Amino acid sequence: MTTAAELRRRTRELLAAHPPADTDRLDFLRARFDAGLAWVHYPEGLGGLAAPRALQAVVDAELEAAGAPGNDPRRIGIGLGMAAPTVLQYGTEEQKRRLLRPLWTGEEVWCQLFSEPGAGSDLAALGTRAVRDGDDWVVNGQKVWTSSAHLARWAILIARTDPDVPKHRGITYFVCDMSDPGVEVRPLRQITGEAEFNEVFLTDVRIPDSRRLGEVGDGWRVAQTTLNNERVAIGGTPVPREGGMIGKVAATWRERPGLRSHDTHQRLLGLWVEAEVARLTGVRLRQQLAAGQPGPEGAGMKLTFARLNQEISGLEVELLGEEGLLYDDWTMRRPELVDFTGRDAGYRYLRSKGNSIEGGTSEVLLNIVAERVLGLPAEPRTDKDVAWKDLAR
């Protein structure tokens, strides 16, 4: 088994062969991947060494101390947190070797074609169709709320391949090339002024069967891998004590005593404690991940993330008074990443409203926690055994 000492040795060999100060950023990232130091728990040849996941911290610490470049996870989070685990579990060897390296280095950005105008919370009701035509699938439909679609080369896509069976059983999972003919991306301008999200129209898009992940009709099970990892990626991102949004409010409180009141003091104390509890819970969740695949517990973390972000940003705006009503820039932009801490309080307040929708609505996640974590009785579902084509719309 690979040890911490072995990983330190390998990392120092990488640094000696590719000094960060003298090596092109992309060349260094490629060399790191090839050395198995990208994600050490992945298999050899795919950026890892089949080592315990917890040992990744050993590599990261050595590289950070040496000033080595990173792969900018905020920009490629969908690829790292959602696409990669799914490709690893369900992809063919050829798919893994073609897709994982440029995904990790950031050469190829990924997006997620899941939600539709009529299938958001009830994702299994999706209507985008994929029809087999020889060695290809012809896809027609519309997706919505697609982050980074304007930047992406690849997309993880679920589409209906059999309308004659119940909705969960007629879905297949594909990898879609966003540069293919028939893929149209349109910006969706948000309340923040930016167009971070998009809607994507698919018109007679041909996807080779070689880009299918999993078996035909088994797409819902494959998608659960993606969704479980998505919730962990959103809600379980590691942060230092008093990091993230609570740190911005705490800093304002300390630096500007004239803004303080007894009420805001009590609310800040309560939210600080909750943020710290959430941070420590995230540490425990990541320790559980080191022993296996993410489970439904990630839904609870994502729920907490959304609620705290909205409550903390609301407190920040109130604390700032009239100043909190200002907004720095309404310019229509199509950003590469979401930067909660790099903008002003008004941006944080407005952008956090989306936290209870993206990555699964809070209402759906509450059901997941109730049924899969707490073991409560499931809600009655009258459509479980009805063919998709017969569902009321």
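It should be emphasised that the depicted structure is a prediction, and the values quoted were computed from it without experimental measurement.

### Digging into the overall build of the protein
So, point 1. Along the backbone of the protein there are 11 helices and eight strands.
So, point 2. Taking 2.2 N^0.38 as the reference for a compact globule, 393 residues should give roughly 21 Å; the C-alpha atoms of the protein span a radius of gyration of 22 Å, in line with that estimate.
So, point 3. In terms of principal-axis extent, the alpha carbons of the protein reach across some 70 × 55 × 45 Å.
So, point 4. Here the protein, with 393 residues, has 50% of them falling under the buried criterion.
So, point 5. Residue pairs in contact within the protein that sit at least 24 positions apart in sequence constitute 71% of those at least 6 positions apart.
So, point 6. When the 50 positive and 56 negative side-chain charges of the protein are each reduced to one mean point, those points stand 2 Å apart.

### What to know about the pattern of salt bridges
So, point 1. Evaluation of the coordinates by the stated rule reveals 42 salt bridges.
So, point 2. Note that Glu 196 is salt-bridged to Arg 351, the shortest N-O span being 2.8 Å. Here the residue Glu 196 occupies a position in the loop between β6 (183-188) and β7 (197-208), and Arg 351 occupies one in helix α10 (residues 345-351), the gap between them amounting to 155 residues. Pair check on accessibility: Glu 196 and Arg 351 agree, each one buried.
So, point 3. In this structure, the salt-bridge partner of Arg 267 is Asp 263, at a minimum N-O distance of 3.5 Å. Of this pair, Arg 267 and Asp 263 are both found in helix α8 (residues 262-289), four residues apart, which corresponds to roughly one turn of the helix.
So, point 4. For Asp 263, a relative accessible area of 46% translates into the label partly exposed.
So, point 5. Among the ionic contacts, a cluster of salt bridges with common partners joins Glu 194, Asp 328, Asp 329, Arg 333 and Arg 343.

### A closer look at a nonpolar patch on the surface
So, point 1. Together, Val 373, Leu 374 and Leu 376 make up an exposed nonpolar region whose accessible area comes to about 270 Å².
So, point 2. Here Leu 374 shows up in the segment after α11 (362-373).

### A short note on the pairing of strand β5 (residues 171-177)
So, point 1. In terms of residue burial, β5 counts as a mostly covered element, since seven of its seven residues are buried.
So, point 2. Neither face of β5 is left uncovered, since the one carrying Ile 171, Tyr 173, Val 175 and Asp 177 and the one carrying Thr 172, Phe 174 and Cys 176 both have all their residues buried.
So, point 3. Where strand β4 (residues 154-160) and β5 come together, seven bridges link them in antiparallel fashion. Of the residues in β5, the one forming a bridge with Arg 160 is Ile 171.
So, point 4. Sheet topology places β5 next to strand β8 (residues 212-213); two bridges connect them, and they run antiparallel. Residue pairing in the sheet places Phe 174 in a bridge with Arg 212 of β8.

### Looking at the pairing of β4
So, point 1. Of all seven residues in β4, seven are buried, a share of seventy percent or more.
So, point 2. In this structure, strand β1 (residues 110-113) lies alongside β4, joined through four bridges in parallel fashion. Bridge pairing in β4 places Cys 111 opposite Ala 155.

### Topic: the packing of aromatic side chains
So, point 1. Applying the stated criterion across every chain, the model contains eight aromatic pairs.
So, point 2. Each ring, one from Phe 114 and one from Tyr 173, has its centre 6.0 Å from the other, and the planes form 85°; the classification is edge-to-face. With a gap of 59 residues between them, Phe 114 in the loop between β1 and β2 (129-133) and Tyr 173 in strand β5 connect regions that are remote in the sequence. Comparing Phe 114 with Tyr 173 shows no difference in burial state: the two are buried.
So, point 3. When the ring centre of Phe 201 is taken as origin, the NZ or CZ atom of Arg 186, which lies over that ring, is 4.0 Å away.

### Observations regarding the side chain of Arg 212
So, point 1. Locating Arg 212 in the fold gives a position in strand β8.
So, point 2. Only 2.7 Å separates the side chain of Arg 212 from the backbone oxygen of Gly 214, close enough to count as a polar contact.
So, point 3. If sequence neighbours within four positions are ignored, Arg 212 has contacts with Gln 95, Thr 172, Tyr 173 and Phe 174.

### Comments concerning the packing of helix α4 (residues 77-90) against helix α5 (residues 93-105)
So, point 1. For the pair α4 and α5, interaxial distance at closest approach is 10 Å and the crossing angle is 165°. Relative to α5, the element α4 is oriented roughly antiparallel. α5 is crossed by α4, and the crossing has left-handed handedness. Listed contacts from α5 to Gly 79, Leu 80, Ala 83, Ala 84, Val 87, Leu 88 and Tyr 90 of α4 are Gln 95, Lys 96, Leu 99, Leu 100, Leu 103 and Trp 104.
So, point 2. Residues that form the contact of α4 with α5 fall into these classes: 10 nonpolar, two polar and one charged.

### A few points about helix α1 (residues 4-17)
So, point 1. Between the first and last C-alpha of α1 there are 20 Å, a value that for 14 residues agrees with the 20 Å anticipated at 1.5 Å per step.
So, point 2. All of the buried residues along α1 are Leu 7, Thr 11, Leu 14 and Leu 15. When α1 is viewed along its axis, its buried side chains cluster within an angular range of 95° and face the same direction. Opposite its buried face, α1 presents the exposed residues Ala 5, Ala 16 and Ala 17, each directed more than 90 degrees away.
So, point 3. The inward-facing, buried residues of α1 contact α2 (25-34) and α3 (56-65).

### Some thoughts on the nonpolar core
If you look at soluble globular proteins, the nonpolar side chains tend to sit buried side by side.
So, point 1. Among the nonpolar cores identified, the biggest contains 53 residues, and Trp 39, Trp 110 and Met 178 are the most heavily contacted of them.
So, point 2. Sort the elements by how many residues they give to this core and α4 lands first, with seven residues.
So, point 3. In contact with Trp 110, other than residues within four places in its own chain, are Ile 78, Gly 79, Ala 83, Leu 99, Leu 103, Ser 148, Ala 152, Trp 154, Ala 155, Ile 156 and Val 175.
So, point 4. Ranked by size, the runner-up nonpolar core spans 14 residues in total, among them Phe 28, Leu 49, Leu 63 and Ala 68.

Rules used throughout
- Position labels on residues start from 1 in each chain and follow its written sequence.
- Confidence filtering applies because this is a predicted model: local features only for residues at pLDDT of at least 70, side-chain atom pairs given and counted only at 80 or more, and all residues used for totals across whole chains, interfaces and linings.
- Hydrogens and water are ignored here; the side-chain numbers use all heavy atoms of the structure.
- Helix and strand assignments follow DSSP, with helices taken as H or I runs no shorter than four residues and strands as E runs no shorter than two, numbered in order from the N terminus.
- The globule rule used here is 2.2 Å times the number of residues to the 0.38 power, and the radius of gyration it is set against is calculated over C-alpha atoms.
- In this scheme, a residue with accessible area under 20% of its type's maximum is buried, one over 50% is exposed, and one in between is partly exposed, where area comes from a 1.4 Å probe on protein chains only.
- Here, residues are in contact when the closest pair of their heavy atoms is within 4.5 Å.
- In this tally, Lys and Arg are treated as positive and Asp and Glu as negative; His is ignored, and so are the chain termini.
- In this description, the location of a charge corresponds to atom NZ of lysine, CZ of arginine, CG of aspartate or CD of glutamate.
- What makes a salt bridge here is a side-chain nitrogen of Lys or Arg within 4 Å of a carboxyl oxygen of Asp or Glu, nothing more.
- Patches were defined on residues exceeding 30% relative accessible area and lacking a salt bridge, with like-charge contacts within 9 Å and nonpolar side-chain contacts (Val, Leu, Ile, Met, Phe, Trp, Tyr) within 5 Å.
- Calculation of accessible area relied on Shrake-Rupley with a 1.4 Å probe; when residues are assessed, cover is drawn exclusively from the protein chains displayed.
- Pairing between two strands is assigned when DSSP locates at least 2 bridges connecting them.
- Planes of paired rings set the category: under 30 degrees apart is stacked, over 60 is edge-to-face and the rest tilted, where pairs are Phe, Tyr or Trp rings (Trp by its six-membered ring) whose centres lie within 6.5 Å.
- Ring-over charges, as used throughout, are those where CZ of Arg or NZ of Lys falls within 6 Å of the ring centre and within 35 degrees of the ring normal.
- In the analysis that follows, any N or O atom pair within 3.5 Å is treated as a polar contact, provided that within protein one partner can donate a hydrogen and the other can accept it, and provided that, for residues neighboring in sequence, both atoms belong to side chains.
- Between N-to-C directions, angles span 0 to 180 degrees; the directions come from axes that are lines fitted to C-alpha atoms, helices contributing only their stretch in contact.
- Throughout this description, any angle smaller than 35 degrees is read as roughly parallel, any larger than 145 degrees as roughly antiparallel, any in the 65 to 115 degree range as roughly perpendicular, and the remainder as oblique.
- Handedness of a crossing is defined here by the sense of rotation of the near helix relative to the far one, left-handed for an anticlockwise turn of less than a right angle and right-handed for a clockwise turn.
- Put simply, Ala, Val, Leu, Ile, Met, Phe, Trp, Tyr, Cys and Pro go in the nonpolar bin, Asp, Glu, Lys and Arg in the charged bin, and everything else, Gly too, in the polar bin.
- To estimate the expected span of a helix, count its residues, drop one, and scale the result by 1.5 Å.
- Taken from the helix axis, the directions to the C-beta atoms give the arc we talk about.
- The criterion is simple. A nonpolar core is a set of buried Ala, Val, Leu, Ile, Met, Phe, Trp, Tyr and Cys residues joined through side-chain atoms within 4.5 Å.

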